[in-house]
Amino acid sequence: MKEISRRSFLKGTAATGAALGLSGSFYNFLFSGLEPAQASDETGIQKFQNACPRNCYDTCSILSTVENGILTKVEGNPQNTFTRGRLCAKGYTYTRRVYSPDRIKYPMRQNGRGSGNWERISWDEAYTLIAKNILKIKKEYGSTLPICLNKYSGNFDIMHYGIEGMLSSFGNTSRATGTPCWPAGIDSQTFDMGTIVNNDPEDLVNSKYLILWGVNPAWTSVHSMYFVQEAQRRGCKIVAIDPVLTQTASKADLYLQIKPSTDGALALGMARYILDHNLIDAKWLMNNALGYNEFFDYLKNNITTDWAAEKTGLPKNVIETLAREYATAKPANIWIGYGMQRHANGGQNVRAIDALAAITGNIGKSGGGAQYAHLETWGFNYHAMVQNKPAGSAGSGDRAININNFGAEVLAAKEPPIKMLWIACRNPMSQDPETSVVKKAFEAMDFVVTADQFFNPSVAMSDIVLPVTTIFETWGVNVSYWHYWLCLNQQAIKPMYESKNDIQIAMELSKKMNELEPGSCTFPTSGDLKDWVGKEFNTGIYNQFGISDWKELEKGPVKTKAGHVAWQDGKFRTSSGKYEIWSEEAKKFGHLPLPVYREELKPANEYPYRCISPHWKLNIHSQFQNLDWMQAINNAPFIEIHPETAQKMGIQEKDNVKMYNDLGYIVLPAKITETVAQDIVVVYEAWYKDKNFNVNYTVKALPADMGKKATGMPGMAFHDNFVNIAKV
Amino acid sequence: MGFLVDAERCIGCHACEMACKNEYQSEPNVRWRKVYPINETEYSLPERNHLSLACNHCEKPECLRVCPVRAYTKREDGIVIHDQGRCIGCKMCAMACPYEVPQYNVRLKKMEKCNLCDGRLDQGLKTACEAACPVEALSVIDFNGFTKYGFVIALPGFPDPSITKPTTRFIKPRIGAQVRRDQ
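None of the values given here were measured: they were computed from a predicted structure.

Enquirer: Honestly, the interface of chain A and chain B in this entry has me stumped. Any pointers?
Expert: For interface size, the figure often reported is the accessible area lost on association. Across the contact, 65 residues belong to chain A and 47 residues belong to chain B. Carbon and sulfur atoms make up 48% of the surface buried where chain A meets chain B, a total of about 4,700 Å² over both sides. Joining chain A to chain B, the criterion identifies six salt bridges. Ionic pairing is found between A:R84 and B:E136, a salt bridge with its closest N-O pair at 2.3 Å. Elements represented by at least two residues in the side of chain A that touches chain B include exactly α2 (29-33), β3 (70-76), α4 (94-98), α8 (217-220), α9 (222-233), α10 (247-250), β10 (254-256) and α25 (628-633) of chain A. With six residues, α9(A) is the single largest residue contributor to the side of chain A that touches chain B.

Enquirer: Whenever I open this one, the packing of aromatic side chains confuses me. Can you help?
Expert: For any pair of aromatic rings, the description consists of the separation of the ring centres together with the inter-plane angle of the planes. All names here are of chain A. Using the criterion set out here, one finds 42 aromatic pairs over all chains in the structure. Ring centres of W284 and F572 lie 6.2 Å apart, and the angle between their planes is 85 degrees; on these two criteria the pair is classed as edge-to-face. One end of the pair, W284, is in helix α12 (residues 282-288); the other, F572, is in the loop between β20 (558-559) and β21 (579-580), and 288 residues separate them in sequence. Each member of the pair, W284 together with F572, is buried. With 6.4 Å between their ring centres and 90 degrees between their planes, F380 and Y382 make a pair best called edge-to-face. Here the two residues F380 and Y382 agree in accessibility, since each one is buried.

Enquirer: Quick question: what am I supposed to make of helix α19 (residues 435-444) of chain A here?
Expert: Three or four residues apart is the spacing at which side chains of an α-helix point the same way, because the helix has 3.6 residues per turn. Residues and elements named next belong to chain A. Inspection of α19 places T435, V438, A441 and F442 among the buried residues, and these make up the whole buried set. The buried side chains of α19 occupy one side of the element, clustering within an arc of 115 degrees when seen end-on. Packed against the buried residues of α19 are α17 (406-412), β15 (420-424), α18 (428-431), β16 (447-452) and α20 (457-460).

Enquirer: Help me understand the environment of B:I141 in this model?
Expert: With respect to the helices and strands, B:I141 occurs in strand β8 (residues 138-141). Sequence spacing of B:I141 and B:T168 is 27 residues, and the spatial spacing of their C-alpha atoms is 9.1 Å.

Enquirer: Would you mind going over the nonpolar core with me for this structure?
Expert: One recurring pattern in soluble globular proteins: nonpolar side chains tend to sit buried together. Grouped together as the largest cluster of nonpolar side chains are 239 residues, with contacts concentrated most on A:W213, A:F295, A:W422 and A:L486. The element that contributes the greatest number of residues to this core is helix α11 (residues 263-276) of chain A, accounting for nine residues. Residues in contact with A:L486, not counting those within four places in the same chain, are A:F380, A:V477, A:N478, A:V479, A:F537, A:I541, A:F545, A:I547, A:L553, A:P557 and A:V558. B:V5, B:C16, B:V35 and B:L116 belong to the second largest nonpolar core, which has 30 residues in total.

Enquirer: Help me understand empty space enclosed by the protein, please; the structure alone is not making it clear to me.
Expert: Left-over empty space is what a probe sized like a water molecule reveals as it rolls over the atoms. Residue and element names in this part refer to chain A. This model, assessed by the stated rule, comprises eleven cavities of 30 Å³ or more. The calculated volume of the largest cavity comes to roughly 610 Å³. Lining the largest cavity are 37 residues; nearest its centre among them are S153, G154, H621, S622 and Q623. Class assignment of the residues belonging to the lining of the largest cavity gives a composition of 13 nonpolar, 17 polar and seven charged.

Enquirer: Got a minute to help me understand the domain arrangement of chain A in this structure?
Expert: Residue and element names in this part refer to chain A. Its domain assignment divides chain A into domain 1 (108-180 + 379-470 + 497-526), domain 2 (183-372) and domain 3 (609-727). Here domain 1 and domain 3 have C-alpha centroids that lie 29 Å from each other. The interface of domain 1 with domain 3 comprises 23 residues on the first partner and 20 residues on the second. Regarding the contact of domain 1 and domain 3, the summed buried area is about 1,800 Å², with carbon and sulfur atoms giving 54% of it. Across the domain 1-domain 3 interface, the total number found is zero salt bridges. Where domain 1 touches domain 3, the interface holds 15 residue pairs in polar contact (both at pLDDT 80 or more). Going through the elements one at a time, β14 (399-402), α18 and α19 are the ones with two or more residues in the side of domain 1 that touches domain 3. Taken together, the residues that form the side of domain 1 that touches domain 3 break down as eight nonpolar, 13 polar and two charged.

Enquirer: When you look at the layout of surface pockets in this model, what are you seeing that I'm missing?
Expert: By volume, the second largest pocket is sized at about 860 Å³. Lining the second largest pocket are 33 residues, with A:W616, A:K617, A:F638, A:K671 and B:P37 positioned closest to its centre. Residue assignment for the lining of the second largest pocket shows that the elements contributing at least two residues are β25 (665-672) of chain A together with β2 (34-38) and β3 (49-53) of chain B. Considering each element in turn, the lining of the second largest pocket owes the most residues, five residues, to β2(B). Looking at the lining of the second largest pocket residue by residue, the classes come out as 15 nonpolar, eight polar and ten charged.

Enquirer: Is there a simple way to explain the packing of α11(A) against helix α16 (residues 346-359) of chain A in this structure?
Expert: Angle between the axes and distance between the axes: these two values describe a pair of packed helices. Residue and element names in this part refer to chain A. Two elements in contact, α11 and α16, have axes whose closest approach is 7 Å; the angle formed by their N-to-C orientations is 25 degrees. Classed by the angle they form, the pair α11 and α16 counts as roughly parallel. Where α11 crosses over α16, the two elements pack in a sense that is left-handed. Within the contact between the two elements, α11 uses D263, G264, A267, L268, M270, A271 and I274 and α16 uses N349, A352, I353, L356 and I359. Class assignment of the residues belonging to the contact of α11 with α16 gives a composition of nine nonpolar, two polar and one charged.

Enquirer: I'm lost on the environment of A:G369 in this one. Help?
Expert: All names here are of chain A. With respect to the element layout, G369 can be found in strand β13 (residues 369-371). According to the relative accessible area criterion, G369 is buried, its value standing at 5%. Remark: the alpha-carbon pair of G369 and L356, spanning 13 residues in sequence, is separated by 9.7 Å. With residues near it in sequence (within four places) discarded, G369 still touches A332, N333, I334, A357, N362 and I363.

Enquirer: How should unusual backbone geometry be read in this particular structure?
Expert: With the exception of glycine, most residues fall at negative phi, and the peptide bonds are largely trans. Residue and element names in this part refer to chain A. A cis amide bond links K330 to the next residue, P331, at an omega of -5 degrees. Its location among the elements puts P331 in the loop between α15 (316-328) and β12 (332-336). Phi is positive for D690, which is not a glycine, with a value near 60 degrees. Positionally, D690 belongs in the loop between β26 (680-682) and α27 (708-711). What makes D690 exposed here is its relative accessible area of 58%.

Enquirer: For this particular structure, what's the right way to read the sheet that holds strand β1 (residues 2-6) of chain B?
Expert: Strand pairing in a sheet relies on backbone hydrogen bonds. The paired strands run either parallel or antiparallel. Residues and elements named next belong to chain B. A sheet is described by the order of its strands in space; here three strands give the open sequence β8-β1-β9, paired in mixed fashion. Of all the strands in the sheet, just β8 and β9 (169-171) have a single pairing partner and so form its edges. Here the strands of the sheet are splayed against their neighbours by 25 degrees on average, with no regard to which way each runs. One ladder, built from three bridges, connects β1 with β9; its direction is parallel. Residue pairing for β9: V5 is matched across the bridge by F170.

Enquirer: Would you mind showing me how to read a nonpolar patch on the surface here?
Expert: A surface patch of nonpolar side chains, about 290 Å² in accessible area, is lined by A:Y665, A:V667 and A:V728. Looking at where A:V728 falls in the secondary structure, it is placed in the segment after β27 (721-727).

Definitions and limits used
- Residues numbered from 1 in each chain as written.
- Chains lettered and ligands numbered in written order.
- Predicted model: local features only at pLDDT ≥ 70, side-chain atom pairs only at ≥ 80, totals over all residues.
- Heavy atoms only, no water.
- Contact = heavy atoms within 4.5 Å.
- Buried area = accessible area lost by both parts, 1.4 Å probe.
- Salt bridge = Lys/Arg side-chain N within 4 Å of Asp/Glu carboxyl O.
- Helix = DSSP H or I, 4+ residues; strand = E, 2+ residues; numbered from the N terminus.
- Phe/Tyr/Trp six-rings, centres within 6.5 Å; stacked < 30°, edge-to-face > 60°.
- Buried < 20%, exposed > 50% of the residue type's maximum accessible area, 1.4 Å probe, protein only.
- Arc of directions from axis to C-beta.
- Core = buried A, V, L, I, M, F, W, Y, C linked by side-chain atoms within 4.5 Å.
- 1 Å grid on protein atoms, 1.4 Å probe; cavity = no way out; pocket = protein on both sides within 12 Å on 5 of 7 lines; lining within 4 Å.
- Points joined across faces, edges and corners; volume = space filled by probe spheres on them.
- Nonpolar A, V, L, I, M, F, W, Y, C, P; charged D, E, K, R; others polar.
- Domains from an automatic or database assignment.
- Polar contact = N/O pair within 3.5 Å; in protein donor to acceptor, adjacent residues only side chain to side chain.
- Axes fitted to C-alpha atoms, helices over the stretch in contact; angles between N-to-C directions.
- Parallel < 35°, antiparallel > 145°, perpendicular 65-115°, else oblique.
- Left-handed = near helix turned anticlockwise from the far one by under 90°.
- Pairing = 2+ DSSP bridges.
- Patch = residues over 30% accessible without salt bridge, like charges linked within 9 Å, V, L, I, M, F, W, Y side chains within 5 Å.
- Areas by Shrake-Rupley, 256 points an atom, 1.4 Å probe, with all protein chains shown as cover.

Written out as structure tokens, the structure reads:
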């Protein structure tokens, strides 16, 4: 990996005519590289519409400035009333990403997986190697099922689903299925309401009471934070419930430090109080809900606020006050975060919180609701994704491999075994649980291809790496799972080096496969990427957004015309059409039909601390923390420990601490802070360039209780990670 | 003119700092604006509070006083401008500034700092940092016009303002109620 030198970076840039004679870096090209007159030459300035495609609530609308073919600046597009002309710390680093000397510049082959012994090859050589491997596997095993795709959320642009399309065009294949992110909560709301729908986040300002429950928008949705604070300024009380005193909790009127994974107990204790004090909205329940009598019987027979206090670690009077305030403020809103459902009982906890919103009649109201996420604006054609399998493809369909236990399931796959991986928009070596097992799976392969922009740990375990374009170098279209805007992504600059869009890679690989074996791949062998954007649209999308042609998006992003208050029409998408507190559908998936409490996992004696590994503010998973501007702010992971715990363990600030369990260990400097509880340590998940850091070495592939219905696989209990710590 | 930093709104997200770097495409280790965490023991309850600081455009700028080549000027509106063309990179200003504002650009062998987006202000635009702040915690205020009420001249961690009389003003963070398990 280290062989990728600055010199070769410059060689690459010279080929694009963008190097400008700088010695070894791209900094300050405005000041020193260009002649001043040239730099301020207005005629060479162009603006483009771009969309941030990362796995993030905010999906920002970007305006990019291009001067003489060089991306010189990115700004928020003020037309988007949710992102309000602003980006985040990550978004503002995009020029550094595009022009990073660390980018993968051309196809490369590694002689010895993990060796770092990379050599540059041509695209034609890469396609030939890949096509021959695919065809060889097909011949040897009689199907393409030994080929496994692991692609997920590195780029949520709609066209990028063409990567799945590429695999379909080979035949039946194995697929990493499910999502590590949010599936337990999706199933919960699917059982309760039929699917996930959230109010427009701009509607947060209409709340009179807002519970931010296991969510940290100050780090993960900065644009939502404006609306949260605006609600606060208009008199809304903000309550944050979280095992960690997050940045968001620091801005709340009230912070409740709950014991992790006991959120359901708090919700049920509140529900019991609300029931006992006749604060329920009986009329709403009668008109809109099923199973509330059974739920109330369960509360009466099984739940007390004393029990809830014992479970959650919150005093009984606090729970009762919270319940009363929540139930009497109208409208009252709850934002349910993804962090709190990454537990073995996460789905059941979300159902209990949903039930709170239902029994108080807050569902379907502006300023109310139980916000989680939505997929209402995602009704594209998936033209790039839907590809026919070649005629006579062997096998009855694709084979699902659990994305949340990827390493073990890849190794265990039989008849046929998995022999080849295609990795795109993902870095499983850093982000998946049980890192050591994932590594073994990579090692067991005959052939691994990764398409990416940087030499991350998954690339390091690949045979072939293919350089892919950034958003500024290609076309795309983006919507959000949180706000209701639609944004075009225009190509603003020429692709750097030899990078290509994943769909272009699919087209050219298809051409090669068909040369070697006609009919072996159905993916189109040519096409214009801008035209392919257009092929994703349909009248449903046009009507929803009030446009008649997708090219109107060249003038700026647009927002849906209606549907900004979830369930306002009272038409739930359950089989009964009602809010189902009693869910027969949940029963079918092996759950109890009511949102009853499911016991949380507790630490064992040897591993008395729970490690929570939330998002960090300077990255999104494996992206952005590797860029030099981020490194200048922070370039070192750390472990957060409560002062009393640190004292007990003889740990001082910055001491190296080994965090370990039976799966593995990591060593990190201590940060002593009262933002964590005594029985909790916090390590923010991230990929740091050139650092052997990965919090997932100790994380077991332990499923969350729900996720199978909506996403095909249960979620992942990332925060049920029990460890011990020692000073080293 | 000076910055008003609302520590009650600020979420320490670094968008201001990155927007500054994006605007000027600055060197990785040259940070005209920096977001500093306020030590959590400074207030009655531990919280994550921050100071977002750039040049304080002082009333009595030490940088200007010590610079041997007069690279610093103070405009009538109060903005302290550093002229990189005159700068010889002697670092006297860095040593004199109590706020570690002027920074050395290793490649250019000169100092640099926040000029309060003078070019943008002159075009009627907001500073890059103010325009970027997602929660509107940063603003540029007319130092002569504003009331002293509601604002403070320092927050914990901000060096003694008496030496150079910075124009930066702050709104204090509000400490919310906490129910904690270690109480």
